[in-house]
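Structural features, examined
Now for the letters of each chain:
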Amino acid sequence: MKALVYHGKRTVSIDTVPTPCVTESKDAVVKVTVTTVCGSDLHLWNNEIPEVKDGDILGHEAVGIVESVGADVKKIQKGMRVVVSAIIAEGSCEYCKREEYSLCDCTNPSGVMEKMYGNRIAGIFGYSHLLGGYPGAQAEYIRVPFADMNLLPLPDDVPDETALTLSDIACTGYHATELTSVLPGHTVAVWGCGPVGLMAQSWSLFRGAKKVIAIDCVPARLALAKQKLGVDVTTINFKEEDVVKRIKELVPNGPDACIDATGFDYAKSFVHKVERMLYLETDAIDAATEAIIACRKGGTVSFIADYIGYSNHFPMGAFMEKGLTARGGQVFVQRYWHKILSWIRDGKFDPTFVLTHRLPFDETPRVYATFDAKEDGMVKAVLYTRFSSEGKILLREE
């Protein structure tokens, strides 16, 4: 089969690799029809995540057709069209029973993570051996452990590219608003207008927020937020304005909820740029610091983008004295995807506004480079494999 394979910093290629098969009784093998590149995949491409190795297949979002199933798979059958959860959960541990699926105790054997964090979280497809070393979804086939838990059958009225957002970004954006407990009448500030940031903004409006403040520096992304999400969104270009000062002008007491959807490698200040360059810290926290300073007293801050290690200059005084609540964590995909799918089918929510490019799977290496450079207005690219009849039609039309 063809797969997107990592070969070192900023070096990936479409290679021919062995096709996976069912190896455990609860496995399924899925023939992938659509996949995509996530913003978090760029951390791997830039060699900023520990334990990514030459030969790893990347990617954690996919829709496809079930090719085969193990003897103990009960709900998933061959021939079903399914979406694959980015998060790999086993289903019966204490965390899964609480629907905290990304904290599953059973799917990530990484001793490195246990040493770094004191515990291991769930495995994630195609996201380094720190997250289990699972071959990823940017491939023509993928083996899915615990298939009954990690595959969602799809109805005929939901296209592949719409369903693809359920793997990660639609659920992750919703998770951000759950972590911050967004309520009707709230003001929400979101740092980052990538796919997850845009989803968090859209879900905030869905939940009744009266105002959303979108912060980024890429004009095309800020324009997309304003164009697609409407008059209740105010945009701030952090290269042109002082973010905290502008937020205070808009919301004197500060937002009720602040969501950091940027991640560890977006240093804005000179100090964090230098400290990351000199390996004095792994994670820049400029956006996190702004969120804490801008947030209203008693408000909530959530960290939904990737942070991996250690940071300097955390504003502990402001965090403590203002009585803030901070929450973070990887998404609980399986908790959310059923209800989000129902909202999509009912026409209440449309996640496809973030889909900016549609390309054949062989173009995946170019997508990494374009996405990382934030060029060509790329926010989310749908990548169709040779098995996608939907892709053949759409690509011919474009």
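Refer to the structure presented above.
Report follows, based on the coordinates. The structure presented is a predicted model; accordingly, all values stated were derived computationally and were not measured.

Along its length, the protein carries 15 helices and 17 strands. The C-alpha radius of gyration computed for the protein amounts to 20 Å, which stays within 12% of the reference 21 Å derived for 398 residues, consistent with globular compactness. With respect to the three principal axes, the spread of C-alpha positions in the protein is 60 × 45 × 40 Å. In the protein, which comprises 398 residues, the proportion classed as buried is 56%. Of the contacts formed within the protein by residues at least 6 apart in sequence, a portion of 71% connects residues at least 24 apart. Only carbon and sulfur atoms are counted for the fraction: they give 51% of the accessible area of the protein, which is about 16300 Å². Between the mean site of the 43 positive side-chain charges and the mean site of the 51 negative ones, the protein shows a separation of 3 Å.

Next up on the list: helix α7 (residues 195-206). Relative to the 16 Å expected for 12 residues at 1.5 Å per residue, α7 spans 16 Å between its end C-alpha atoms, a close match to the ideal helical length. All of the buried residues in α7 are P195, V196, G197, L198, M199, A200, Q201, S202, W203 and S204. Two residues or fewer after α7 comes G208, characterised by a positive phi angle close to 105 degrees.

This next bit is on the sheet that holds strand β12 (residues 233-237). Taken in spatial order, the six strands line up as β12-β11-β10-β13-β14-β15 in an open sheet, and their pairing is parallel. The sheet terminates laterally at β12 and β15 (325-328), the two strands that pair on one side only. Each strand axis lies, on average, 15 degrees off the axis of its neighbour in the sheet, ignoring direction. With four bridges connecting them, strand β10 (residues 187-191) and strand β13 (residues 257-260) associate as parallel partners. Bridging from a neighbouring strand, V188 pairs with A257 of β13. Along the sheet, helix α11 (residues 286-294) makes contact with β10, β13 and β14 (300-303), crossing β10 at roughly 165 degrees.

Right, let's get into the state of the cysteines. Taken as a whole, this structure holds zero disulfides when the rule is applied. Cysteine C96 is unpaired, with the sulfur of C93 as its nearest cysteine sulfur at 3.7 Å. Among the cysteines around C104, which has no disulfide bond, C96 carries the closest sulfur, lying 3.8 Å off.

A few words on the side chain of R81. Among the secondary structure elements, R81 is positioned in strand β5 (residues 81-84). Within polar-contact distance, the side chain of R81 engages the backbone oxygen of P155 at 2.6 Å. At 2.5 Å, the side chain of R81 and the side chain of D160 are in polar contact.

As a further point, take a nonpolar patch on the surface. On the surface, a cluster of nonpolar side chains totalling about 340 Å² of accessible area is made up of M277, L278 and L280. Looking at the element boundaries, M277 is found in helix α10 (residues 270-277).

Another aspect to go through is the pairing of β15. With four bridges connecting them, β14 and β15 associate as parallel partners. Its bridge partner lying in β15, F303 is registered against G328. Each parallel crossover has a hand, and the one from β14 via helix α12 (residues 316-321) to β15 is right-handed.

Quick look at α10 now. Turning to α10, its buried residues number three or more, namely H272, E275 and R276. Mapping the buried residues of α10 onto a view down its axis gives an arc of 100 degrees, with all of them on the same face. Among the exposed residues of α10, those oriented more than 90 degrees off its buried face are F270 and M277. Along its buried surface, α10 packs onto α11.

Conventions adopted
Residues numbered from 1 in each chain as written. Predicted model: local features only at pLDDT ≥ 70, side-chain atom pairs only at ≥ 80, totals over all residues. Heavy atoms only, no water. Helix = DSSP H or I, 4+ residues; strand = E, 2+ residues; numbered from the N terminus. Rg over C-alpha atoms; globule rule 2.2 N^0.38 Å. Buried < 20%, exposed > 50% of the residue type's maximum accessible area, 1.4 Å probe, protein only. Contact = heavy atoms within 4.5 Å. Areas by Shrake-Rupley, 256 points an atom, 1.4 Å probe, with all protein chains shown as cover. Lys, Arg positive; Asp, Glu negative; His and termini not counted. Charge placed at Lys NZ, Arg CZ, Asp CG, Glu CD. Expected span 1.5 Å × (residues − 1). Pairing = 2+ DSSP bridges. Axes fitted to C-alpha atoms, helices over the stretch in contact; angles between N-to-C directions. Disulfide = S-S within 2.5 Å. Polar contact = N/O pair within 3.5 Å; in protein donor to acceptor, adjacent residues only side chain to side chain. Patch = residues over 30% accessible without salt bridge, like charges linked within 9 Å, V, L, I, M, F, W, Y side chains within 5 Å. Salt bridge = Lys/Arg side-chain N within 4 Å of Asp/Glu carboxyl O. Right-handed = clockwise from strand over helix to strand, strands pointing away. Arc of directions from axis to C-beta.

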